[in-house]
Amino acid sequence: MSNSKSSIATHSVISDFKEITKMRLSISVVFSSLIGYLLGVDTIDFQTLILLALGGYFMVGASNGFNQIIEKDLDALMNRTKNRPIPAGRMSVNAAFIISSIFTVLGIIILYTINKQTAMFGAISIFLYTCAYTPLKTKTPLAVFVGAIPGAIPFMLGWVAATDDFGIEPGTLFALQFFWQFPHFWAIGWFLYDDYKKGGFFMLPTGKQDKGTAVQTIMYTIWTILISIIPVFGFTGRLQLSIVAAVLVFGAGMWFLYYAIRLFNKMTEKAARQLMLVSVSYITLIQIIYVVDKFIR
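Residues numbered from 1 in each chain as written. Predicted model: local features only at pLDDT ≥ 70, side-chain atom pairs only at ≥ 80, totals over all residues. Heavy atoms only, no water.

*Asks:* Describe the environment of S242, and please don't skip the residues or the numbers.
*Replies:* Among the structural elements, S242 can be located in the loop between α10 (211–229) and α11 (243–266). Once the C-alpha coordinates of S242 and K294 are considered, the two residues, 52 residues apart in sequence, prove to be 8.5 Å apart. Discounting residues that sit within four places of it in the chain, S242 has contacts with V232, D293 and R297. A polar contact of 2.5 Å, which involves the side chain of S242, links it to the side chain of D293. (Helix = DSSP H or I, 4+ residues; strand = E, 2+ residues; numbered from the N terminus. Contact = heavy atoms within 4.5 Å. Polar contact = N/O pair within 3.5 Å; in protein donor to acceptor, adjacent residues only side chain to side chain.)

*Asks:* Before we move on, can you summarise the environment of Q68 with the specific residues and values?
*Replies:* Here Q68 shows up in helix α3 (residues 46–70). Separated by 225 residues in the primary sequence, Q68 and D293 place their C-alpha atoms 39 Å from one another. Those residues in contact with Q68 that lie beyond four places of it in its chain are E19, I20, K22, D75, R84, P85 and I86.

*Asks:* Describe the pattern of salt bridges, naming the residues involved and giving the relevant values.
*Replies:* Applying the stated criterion to the full structure yields 6 salt bridges. A salt bridge links R84 to E19; its shortest N-O distance comes to 4.0 Å. One end of the pair, R84, is in the loop between α4 (72–75) and α5 (93–114); the other, E19, is in helix α1 (residues 2–20), with 65 residues separating them in the sequence. Assessed through its relative accessible area of 6%, R84 is described here as buried. In this structure E19 comes out as partly exposed when scored by relative accessible area, which is 33%. When the shortest N-O distance is used, the salt bridge between E71 and K137 registers 3.0 Å. (Salt bridge = Lys/Arg side-chain N within 4 Å of Asp/Glu carboxyl O. Buried < 20%, exposed > 50% of the residue type's maximum accessible area, 1.4 Å probe, protein only.)

*Asks:* Describe in detail helix α7 (residues 143–163), supporting the description with residues and values.
*Replies:* Taking 1.5 Å per residue, 21 residues should reach 30 Å; α7 reaches 31 Å between its end C-alpha atoms and fits that length. Along α7, the helix axis deviates most sharply at F155, where the bend reaches about 40 degrees. The buried fraction of α7 amounts to 16 of the 21 residues, a majority that puts the element mostly inside the structure. Once α7 finishes, D164 follows within two positions and takes phi at roughly 55 degrees, a positive value. (Expected span 1.5 Å × (residues − 1). Bend = angle between axes of the 7 residues up to and from the residue.)

*Asks:* Before we move on, can you summarise a nonpolar patch on the surface with the specific residues and values?
*Replies:* Judged by side-chain polarity, F31, I44, F46, I288, V292, F295 and I296 come together as a nonpolar surface patch covering roughly 660 Å² of accessible area. Here the element with the most residues in the nonpolar patch is helix α12 (residues 269–296); it accounts for 4 residues. Locating F31 in the fold gives a position in helix α2 (residues 23–40). (Patch = residues over 30% accessible without salt bridge, like charges linked within 9 Å, V, L, I, M, F, W, Y side chains within 5 Å. Areas by Shrake-Rupley, 256 points an atom, 1.4 Å probe, with all protein chains shown as cover.)

Structure follows, in structure tokens:
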């Protein structure tokens, strides 16, 4: 019986640790960083790749931890967040703060061993996410704009880790993921509108599930598509796309745009949820296309 209780307790601790650091989200962010590294590197250094993955996970995990500390009272009001470790009472604020602080220090140190610029951008992402984006979520829809900055850093961070240089190439990767986040998060804000409202969060650009929000979602989707194919024209230094890859990226963009337009036509939570799922598949797909194209071109 005691072994059974111990096993359950251990499982609970691991589960809460995964939840406080939002493991699935953190892994997806790390994936973007690794893709950026593969795009920037000439010869793959697996030690650097591992350090980037570890450092990136620690940085994202720290941001998520601090976010949940700050929003603990608001999380308790919303169905999707009320069972998180802190509002549910399974983890204390002090414990979450210690975990997040340790993750911050470890993340910066690990990224610093790659190069100084990588550590700097990692630290900036934590600061903006925790000190700007999180408090602004209850103040203004512009919080999404602010949050899109740290959200776009991981993709370009990989290139900086590979090259120790910030130029047109990582700038393009940053812009691509920056604009992508608007339709992605507005879709989430749409189908979780009522739940977000309980917590007092302002996520939609007009503050409502209306045509204005749907039109802006379409416009930012178009901007994302245009940026995604720019490398085929040779304006972005070493970041290039073949014509075949550009056609595939553009096709994925049309798929993305179709669901953005569908939200405008349907104006339903189901359409918004579908757009969110497509947006995740889209960004993953084009990142894979970018890498595959680089290594077979």
